[in-house]
Amino acid sequence: MLRRGMLAAALALGLWAGGAGAHNHDRDMAERLQALGEVLPLQDVLARVARDYPGQVLKVEFEREDDDDDCRACRGRWIYELKLLQDQGRLTKLKIDARTGETLWVGTRPLRYDGRHP
């Protein structure tokens, strides 16, 4: 289990580091805020997420949430937004408070439409 978490963390860091444009800006901002002690390192957040939401990390974003209808608790906070592929093809989106590591919002849906109506 620890090995899977380490693999997921390495993959997410690769996605984080390999991005272009806005993603590089996200990473730079996160690193500056981390150096100031304002946010947790991505590695710490990924370790918590792997424990509570096992799966493959597909995407990592870092952003300031100023207007979020899905997550009112996210407003005014720095957020790590993660997309995970979990068992049975579920796509899970998490919004994590970057300062505390608290999971503020979780959204899950099937990755593929299976023909059934909700």
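Below or above, wherever it landed, is the structure these notes cover. Every value quoted in this text rests on a predicted model; they were computed, and no experiment measured them. Note on numbering: residues in each chain are counted from 1, in written sequence order. Residues qualify for local features only when their pLDDT is at least 70, as the model is predicted, and side-chain atom pairs are given and counted only at 80 or more; totals for whole chains, interfaces and linings, by contrast, use all residues. Think of the side-chain values as coming from all heavy atoms in the structure, minus any hydrogens and water.

## Here we look at the pairing of strand β4 (residues 103-110)
Here comes step 1: Note that strand β3 (residues 90-97) and β4 share 7 bridges and pair antiparallel. If you follow Lys-93 over to β4, its bridge partner there is Gly-107.
Here comes step 2: The rule for pairing is simple: two strands pair if DSSP sees at least two bridges between them. Only DSSP runs of H or I covering at least 4 residues are called helices, and only runs of E covering at least 2 are called strands; the numbering of each starts at the N terminus. Taken together, β3 and the strand that follows it, β4, pair antiparallel across an intervening segment of 5 residues, in which Gly-101 is found at a positive phi of about 85°.

## Some details on the packing of aromatic side chains
Here comes step 1: Geometry of aromatic contacts follows a simple scheme: Phe, Tyr and Trp rings, the Trp one being its six-membered ring, pair when their centres are within 6.5 Å, and the pair is stacked under 30 degrees between planes, edge-to-face over 60, tilted otherwise. Scanning all chains against the criterion turns up 2 aromatic pairs.
Here comes step 2: Judged by centre distance (4.9 Å) and plane angle (0°), the ring pair of Phe-62 and Trp-78 falls under stacked. Of this pair, Phe-62 sits in strand β1 (residues 56-65) while Trp-78 sits in strand β2 (residues 77-86), placing them 16 residues apart in sequence.
Here comes step 3: Under the scheme applied here, a residue whose accessible area is under 20% of the maximum for its type counts as buried, over 50% as exposed, and between as partly exposed, the area being computed with a 1.4 Å probe on protein chains only. Residue Trp-78 is classed as partly exposed on the basis of its relative accessible area, which comes to 23%.
Here comes step 4: With 5.2 Å between their ring centres and 55° between their planes, Phe-62 and Tyr-80 make a pair best called tilted. A residue pair is termed long-range when its members are at least 10 positions apart, and Phe-62 in strand β1 and Tyr-80 in strand β2 qualify at 18 residues. Assigned by exposure class, Phe-62 and Tyr-80 land together as buried.
Here comes step 5: Members of the aromatic cluster, each reached through a chain of ring pairs, are Phe-62, Trp-78 and Tyr-80.
Here comes step 6: Positioned over the ring face of Trp-105 is Lys-95, at 5.4 Å from the centre of the ring. In our convention, an over-ring charge means Lys NZ or Arg CZ found within 6 Å of a ring centre and within 35 degrees of that ring's normal.

## Re the pattern of salt bridges
Here comes step 1: One side-chain nitrogen of Lys or Arg within 4 Å of one carboxyl oxygen of Asp or Glu is enough to make a salt bridge. Scanning all chains against the criterion turns up 9 salt bridges.
Here comes step 2: A salt bridge links Lys-59 to Glu-61, with the shortest nitrogen-to-oxygen separation between them at 3.0 Å.
Here comes step 3: A salt bridge links Lys-95 to Glu-81, with the nearest nitrogen and oxygen atoms 3.8 Å apart. Of the two residues, Lys-95 is situated in strand β3 and Glu-81 in strand β2; the sequence distance between them amounts to 14 residues.
Here comes step 4: Classification of Lys-95 as buried rests on a relative accessible area of 4%.
Here comes step 5: For Glu-81, a relative accessible area of 7% gives the class buried.

## Concerning the nonpolar core
Here comes step 1: Working definition of a nonpolar core: buried Ala, Val, Leu, Ile, Met, Phe, Trp, Tyr and Cys residues. They are joined through side-chain atoms within 4.5 Å. By size, the foremost hydrophobic cluster in this structure holds 17 residues, and its most contacted members are Val-39, Val-45, Val-49, Phe-62, Tyr-80, Leu-82 and Ile-96.
Here comes step 2: For this core, the secondary-structure elements that each account for two or more residues are α2 (22-35), α3 (42-52), β1, β2 and β3.
Here comes step 3: In terms of residue count, α3 provides more of this core than any other element does, 4 residues in total.
Here comes step 4: For this analysis, residues touch if any pair of their heavy atoms sits within 4.5 Å. Discounting chain neighbours no more than four positions away, the residues touching Val-39 are Ala-30, Leu-33, Gln-34, Phe-62, Trp-78, Tyr-80, Ala-98 and Arg-99.

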